[in-house]
Amino acid sequence: MQPTKIGFLPLYLKLYDELFPEMRETMEKFSSDIQSELLSKGIEVIPAPICRTEEEFKEAGKTFTDCSAVVCLHLAYSPSLESIDTLVSLNKPLIMLDTTMNSSFGKDATVDDLMNNHGIHGVQDLCSLLKRKGVQYFVEAGHWQESDVLDRVANLCKATNAANSMKGGKVGLIGKSFHGMGDFAITPEDLENWIGTKVEPFKTGQILELLNSLTEEEIKKEIEHDLSAFDLGKYDEDAHRRTVRMSLVVRKWVEQNDLLGFSMNFADFDRSKGFECVPFMEASKAMASGTGYAGEGDVLTAAFCGALLQIFPASSFTEIFCPDWKGNTLFLSHMGEMNPAISDGKMLMTAKDYIFSDIDSPMMAYGSFRPGVAVLANLAQTEEGKFTLILSEMEVLEGRSVENLEEAIRGWIRPKIPVDRFLEKYSEMGGTHHQVLVYGDSLRTLTAFGKMMNFSISII
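The notes below deal with the structure included here. Just so it is clear, the structure is predicted and the values come from calculations on it, not from any experiment. (Residues numbered from 1 in each chain as written. Predicted model: local features only at pLDDT ≥ 70, side-chain atom pairs only at ≥ 80, totals over all residues. Heavy atoms only, no water.)

1. Some details on the overall build of the protein
Thinking step 1. Along its length, the protein carries 15 helices and 20 strands.
Thinking step 2. Against the 2.2 N^0.38 benchmark of 23 Å for 460 residues, the protein shows a C-alpha radius of gyration of 25 Å, consistent with a compact globule.
Thinking step 3. Burial status across the protein gives 55% buried among its 460 residues.
Thinking step 4. For the protein, contacts bridging at least 24 residues in sequence account for 78% of all contacts bridging at least 6.
Thinking step 5. Carbon together with sulfur atoms contributes 49% to the accessible area of the protein, which is approximately 20,100 Å² in total.
Thinking step 6. Across the protein, the centroid of the 44 positively charged side chains sits 1 Å from that of the 67 negatively charged ones. (Helix = DSSP H or I, 4+ residues; strand = E, 2+ residues; numbered from the N terminus. Rg over C-alpha atoms; globule rule 2.2 N^0.38 Å. Buried < 20%, exposed > 50% of the residue type's maximum accessible area, 1.4 Å probe, protein only. Contact = heavy atoms within 4.5 Å. Areas by Shrake-Rupley, 256 points an atom, 1.4 Å probe, with all protein chains shown as cover. Lys, Arg positive; Asp, Glu negative; His and termini not counted. Charge placed at Lys NZ, Arg CZ, Asp CG, Glu CD.)

Printed below as a string of structure tokens:
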């Protein structure tokens, strides 16, 4: 995927250069410090010089053509009419970094402090005008050193890139959408027309070509990685080898096609098509490396998962399986797919009998979602051509120490409202039975992502 590249626009007032030229050096340093912090968070920054006049803003706008968004930093008050025409013409998400040099402005503040820390009313001036003109913008406020505001800004930058990736990316499909599952069903034509994501089908004729491209060194390296990365249960050397072979076939296919994510329908794997086993472990490993995934041919959620992984690597495809009415929790699981990056300890790799199609048994990896705070996210088509992003903050409970579900993907989550009310609201909103669990305080950023995608937003 493309790196996150953003434009950086420092706003200032020409009058200050005329009256207080000595301030300029301090402002340049502050602007440079903020840029360096964003660079350290994995953001490629395309900076403009400090801009004060309409002409300067117009010239700066020319440098932002290839950027996914523009971060605006008010170094001081800057009149909105100087910059508004340029910002409107960019047609890109605008991120207002509402911060100042100093974290404190109390009764001991000086005139110099006042001059160095009053950019916030420039933010208010500009945002008011942007709102009036219907321009999309986002505001993150806080002190740049003593809050998480730059982390939040970096996440928004990544969200703009993720939105562009979903709008113009490709998602792979192995097999067909699971027969009869209608909630996530969408034709490739509709997915491309309505969101912009193209579907890349896996052609079974590719299997032999991809298998022949594998080297013994690659296979051995992957086997050794698995033996180190996972706890070992029942071990079957032949099952492990064929699992690795099929995993590497899928991985090469993903890389060759630069896929945002992929989905596979386990029911469509059989030996007559050249498959050796269902590579569930590769679905898990793919998410750990930033490639989206969803089961049963759900290309919509696979693309959605891939976009979210670009913002929040601690995310995973999942499914609400069972309610625990008494414990007021929901049990998350799936057949054998989970991002190992969010497992509570090493996942258990074990041989597993496979009975769902005419194919050999694979090695599978099972684990529990680690405790923490997260957001359960779902993307549902709620009208023809229209989508709703359903978001709900969750507490993820400890699920590692269980007696009977060691060989299962497992997690228990607790919503902020009673489980029965949550389930009512979720289905009233049209939520599908596939979700993405996103760790961290991510609700604000996920909401912004939904707005960038022109999704309706529903929060439970």
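Okay, back to it.
2. Focus: the pairing of strand 16 (residues 372-383)
Thinking step 1. Looking at chain direction, strand 16 and strand 17 (residues 386-397) are connected through eleven bridges and run antiparallel. Across the sheet, the residue bridging to Leu379 is Leu389, located in strand 17.
Thinking step 2. Pairing of strand 16 with strand 19 (residues 435-439), which is carried by four bridges, proceeds in the antiparallel orientation. Pairing of Ala377 across the sheet is with Val436, part of strand 19. (Pairing = 2+ DSSP bridges.)

3. Topic: the sheet that holds strand 2 (residues 44-47)
Backbone hydrogen bonds hold the strands of a sheet together, and the pairing may be parallel or antiparallel.
Thinking step 1. Here we have five strands laid out as an open sheet, ordered 2-1-3-4-5, and parallel in their pairing. Each end of this open sheet is capped by a strand with a single partner; those strands are strand 2 and strand 5 (137-141). Adjacent strand axes in the sheet meet at a mean angle of 30 degrees, parallel and antiparallel pairs treated alike.
Thinking step 2. Relative to strand 3 (residues 69-74), strand 1 (residues 5-11) runs parallel, the two sharing six bridges. Considered in strand 3, the bridge of Leu11 is made with His74.
Thinking step 3. Those strands touched by helix 6 (residues 120-133) are strand 1, strand 3, strand 4 (94-98) and strand 5, and its axis lies near 155 degrees from that of strand 4. (Axes fitted to C-alpha atoms, helices over the stretch in contact; angles between N-to-C directions.)

4. Details of empty space enclosed by the protein
To find the voids left in a structure, one rolls a probe of water-molecule size over its atoms.
Thinking step 1. One pass over the structure, following the stated rule, counts one cavity of 30 Å³ or more.
Thinking step 2. Together, Ile174, Phe202, Met246, Val249, Val250, Phe269, Phe275 and Pro279 line the largest cavity.
Thinking step 3. If one sorts the elements of the lining of the largest cavity by residue count, helix 11 (residues 237-257) sits on top with three residues.
Thinking step 4. Looking at the lining of the largest cavity residue by residue, the class counts come to eight nonpolar, no polar and no charged. (1 Å grid on protein atoms, 1.4 Å probe; cavity = no way out; pocket = protein on both sides within 12 Å on 5 of 7 lines; lining within 4 Å. Points joined across faces, edges and corners; volume = space filled by probe spheres on them. Nonpolar A, V, L, I, M, F, W, Y, C, P; charged D, E, K, R; others polar.)

5. Some details on helix 6
Thinking step 1. The end-to-end C-alpha distance of helix 6 is 20 Å, a good match for the 20 Å that 14 residues give at a rise of 1.5 Å each.
Thinking step 2. Looking at the packing, one finds that the buried side of helix 6 touches strand 1, strand 3, helix 4 (80-90), strand 4 and strand 5.
Thinking step 3. Gly134 lies just past helix 6 and shows a positive phi near 75 degrees. (Expected span 1.5 Å × (residues − 1).)

6. Examining the side chain of Ser247
Thinking step 1. Within the element layout of this structure, Ser247 appears in helix 11.
Thinking step 2. Relative accessible area serves as the criterion here: at 1%, Ser247 is assigned to the buried category.
Thinking step 3. Discounting chain neighbours no more than four positions away, the residues touching Ser247 are Pro279 and Glu282.

7. Quick notes on the pattern of salt bridges
Thinking step 1. Applying the stated criterion to the full structure yields 26 salt bridges.
Thinking step 2. For Arg52, the salt bridge goes to Asp17, with nearest N and O atoms at 2.9 Å. Of the two residues, Arg52 sits in the loop between strand 2 and helix 3 (54-61) while Asp17 sits in helix 1 (residues 14-19), which places them 35 residues apart along the sequence. Accessibility classification places Arg52 together with Asp17 in one group, the buried group.
Thinking step 3. Between Glu140 and Arg444 there is a salt bridge; the shortest N-O distance is 2.9 Å. Here the residue Glu140 occupies a position in strand 5, and Arg444 occupies one in helix 15 (residues 443-452), the gap between them amounting to 304 residues.
Thinking step 4. Among the ionic contacts, a cluster of salt bridges with common partners joins Asp17, Arg24, Glu28, Arg52 and Glu56. (Salt bridge = Lys/Arg side-chain N within 4 Å of Asp/Glu carboxyl O.)

8. Let's talk about the layout of surface pockets
Thinking step 1. Reported here for the largest pocket is a volume of approximately 370 Å³.
Thinking step 2. What lines the largest pocket is a set of 17 residues, among which Glu255, Ala286, Ser289, Gly290 and Thr291 lie closest to the centre.
Thinking step 3. Looking at the lining of the largest pocket, the elements that each hand over two or more residues are helix 10 (216-229), helix 11, helix 12 (280-288) and helix 13 (299-311).
Thinking step 4. The class makeup of the residues in the lining of the largest pocket is five nonpolar, five polar and seven charged.

9. Overview of a nonpolar patch on the surface
Thinking step 1. A cluster of nonpolar side chains, namely Leu15, Leu19 and Phe20, defines an oily patch on the protein surface of about 260 Å² accessible area.
Thinking step 2. Within the element layout of this structure, Phe20 appears in the loop between helix 1 and helix 2 (23-40). (Patch = residues over 30% accessible without salt bridge, like charges linked within 9 Å, V, L, I, M, F, W, Y side chains within 5 Å.)

10. Some remarks on the sheet that holds strand 14 (residues 348-351)
Thinking step 1. The three strands are arranged 8-14-15 in an open sheet whose pairing can be described as mixed. Pairing within the sheet leaves two strands with one partner each, and these edge strands are strand 8 (231-232) and strand 15 (363-366).
Thinking step 2. Summarising the sheet, strand 8 and strand 14 pair through two bridges and their orientation is parallel. Bridge pairing in strand 14 places Asp231 opposite Leu348.

11. Considering the packing of aromatic side chains
Thinking step 1. A complete count under the given rule lists 18 aromatic pairs for this structure.
Thinking step 2. Measuring from ring centre to ring centre gives 5.1 Å for Phe202 and Trp253, while their planes differ by 85 degrees; the resulting arrangement is edge-to-face. With Phe202 in the loop between strand 7 (198-201) and helix 9 (206-213) and Trp253 in helix 11, this residue pair connects regions lying 51 residues apart in the sequence. Like Phe202, the residue Trp253 is buried in the burial classification.
Thinking step 3. On the basis of an interplanar angle of 50 degrees and a centroid distance of 6.3 Å, the ring pair of Phe280 and Tyr354 is categorised as tilted. Remark: Tyr354 occurs in the loop between strand 14 and strand 15 and Phe280 occurs in helix 12; sequence separation between them is 74 residues.
Thinking step 4. Relative accessible area serves as the criterion here: at 10%, Tyr354 is assigned to the buried category.
Thinking step 5. Ring-pair connections join several aromatic residues into one group, and the members of that group are Phe202, Trp253, Phe262, Phe269, Phe275, Tyr293 and Phe317. (Phe/Tyr/Trp six-rings, centres within 6.5 Å; stacked < 30°, edge-to-face > 60°.)

That is the geometry; function is a separate question.
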